[in-house]
Every structure is written in C-alpha cells, then in structure tokens.
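In case you want the letters, here they are:
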Amino acid sequence: MSEPNDIEIRIDRDVIRIALEEAIIKKRQGSRLNSDDVRLIARAMKLLEPLFVNAEQGVYALYPKSRLKKAAIVKAIIPVANARTCYVDFVSCSAPISRENWMSDDAFEYTTELGFAQVVRRSVDPWLETVLKKKYSSVFAHGHADWNAAEDLFRQAFGNRLHVAINQTLFSGAAYPVESAVIHFIAFALTGSDSRIESLIPLMRLLPRAIPLGKRPDREDTWNVLTK
C-alpha cells in the first residue's frame, strides 16, 4: 500500500458514490440504476460514513474494551480469517505498558526498551492486511476486482486524511489494517459482488470502534484487537 501524498489531503464522498454508480451502470451495459442498486450504494456509503467522519475530525476515537462485545468481534474476524472460531485479546492504546495477555513473550522482553508501537508489532503476525490479501488474492489475480482502482478512489475520497488521523491518534502503522479492509470493501462494491461485500460488513461495522490488528504469533487462534 502506498503512503499518502501530503499534497492530496481532501475529503470527497462523491468520489466513491459516483464511482459505484458508474461501475454498476457499466456492468448493466448502460441501463439505469434500479432500486436494488440504489440500496447497495446507500448501504456501502453508510458503512463508510463513520470513517469519513474520523477523517474529517482528524481523530480516530476507539471504544474502550468495556463497550465492546467479543462475540461481535469474532463474527467480524471469522469470515476473513477462514476460521471456525477465534479468540480475542484486547490491546489498549491508552493503558501503560505492563505484562498483558496480548503480548508475545518476545515483545514483553523488550517492553522497557521499545515504544508501544514496536511492542504491538512484535505481538502481531500475520497482520490483518496480510490475512485479507491471502484470502482474496485470487479475486484480484484473475481480474474479478481491481485493487489499484479501489485504492485510488480511497485516497481521493478520504484515505489520506484517514491515514493521518489514525497514525496521529493511535500509533504509526495502525492505519494499514483499516486501509486494507476499506480498499477490499470498495473493490468488491465496485464489482457488485454481494457475497464478498457481505463477508466484510461485520468488519466494516467494527473498524470505527476497534481495529483487529492480526494474529498472535505464539497463538494462531488468537487475534489482538486494538481498543482505546
């Protein structure tokens, strides 16, 4: 994923909405949008709206773990992780660094030397973006969706501002799991792939509240999830 261009820091919802309309019309060989098409576009924009707001405000305010339900998080992770079930460890970006359940042994050894971001990085492997790309790689390889087109739309609409908001509010690198999920979602919305869109909806609903970072390297069935 490319780094945002500081010159192109803007927000424009119409970039994505119009692109979705044009993609559907092209798929229908020029025919007008029907009521189902309108509902699909409205649903996609509704799911993206909290992220647009975060980008506009320049803040990415996650929920504390007390406001989150692990069952909902598991529901968001399972479709993209190709797993029957998984476990969740909460990673608080506001708690002081001490020995926490989410830390790998390797990371804990360096807690006195490294900042929070580095400790997190040593406690996640693979990251969400890697998991998503592995699951959907064939979709892009066979031309069923266009990653570059989706990423360009994301950057033009609000991605650059969102990148800055996440990295400044949370930590450097925290933007990548969010960006990867959003770009996949936009790519599938452009193709009108209902099944792939549906698989990402729980994750899209979760992202403004908490960020699934990825798996723990020492516990493959456990995901570290970033909270306030």
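The structure reproduced in this document is the subject of the present report. Numbers given for residues are sequential positions, taken from 1 along each chain in its written order. At least 70 in pLDDT is required for a residue's local features to be given in this predicted model, at least 80 for side-chain atom pairs to be given and counted, and no such filter applies to totals for whole chains, interfaces and linings, which use all residues. Excluded from the side-chain calculation are hydrogens and water; included are all heavy atoms of the structure.

### Description of the pattern of salt bridges
Here is step 1 of the chain: Salt bridge criterion: a side-chain nitrogen from Lys or Arg within 4 Å of a carboxyl oxygen from Asp or Glu. Under the counting rule described, the total for this entry stands at 12 salt bridges.
Here is step 2 of the chain: Among the ionic pairs, Arg 28 bridges to Asp 37, the shortest N-O distance being 2.8 Å.
Here is step 3 of the chain: Looking at Arg 28, the relative accessible area reads 38%, which means it is partly exposed.
Here is step 4 of the chain: Ionic pairing is found between Glu 151 and Arg 155, a salt bridge with its closest N-O pair at 3.6 Å. Linking Glu 151 with Arg 155, this pair stays in helix 7 (residues 147-169), spanning four residues, or about one helical turn.
Here is step 5 of the chain: Relative accessibility under 20% of the residue-type maximum defines a buried residue, over 50% an exposed one, and the middle range a partly exposed one, all with a 1.4 Å probe and only protein chains included. Arg 155 gets classed as buried once you look at its relative accessible area, which sits at 8%.
Here is step 6 of the chain: One connected set of salt bridges, linked through shared partners, spans Arg 13, Glu 49 and Glu 56. By the criteria applied, helices consist of DSSP H or I runs no shorter than four residues and strands consist of E runs no shorter than two, each listed in order from the N terminus.

### Quick look at helix 1 (residues 13-27)
Here is step 1 of the chain: The span expected for a helix works out to 1.5 Å for each residue beyond the first. Between its first and last C-alpha atoms helix 1 spans 22 Å; for 15 residues at 1.5 Å apiece the expected length is 21 Å, and the two agree.
Here is step 2 of the chain: Contact definition: two residues touch when any of their heavy atoms are within 4.5 Å. In this fold, the buried residues of helix 1 make contact with helix 2 (35-57), helix 7 and helix 8 (175-191).
Here is step 3 of the chain: In the analysis that follows, any N or O atom pair within 3.5 Å is treated as a polar contact, provided that within protein one partner can donate a hydrogen and the other can accept it, and provided that, for residues neighboring in sequence, both atoms belong to side chains. Where helix 1 begins, the side chain of Asp 12 points an oxygen toward the backbone nitrogen of Asp 14, at a separation of 3.1 Å.
Here is step 4 of the chain: Trailing helix 1 by a residue or two, Gln 29 shows a phi angle of about 55 degrees, which is positive.

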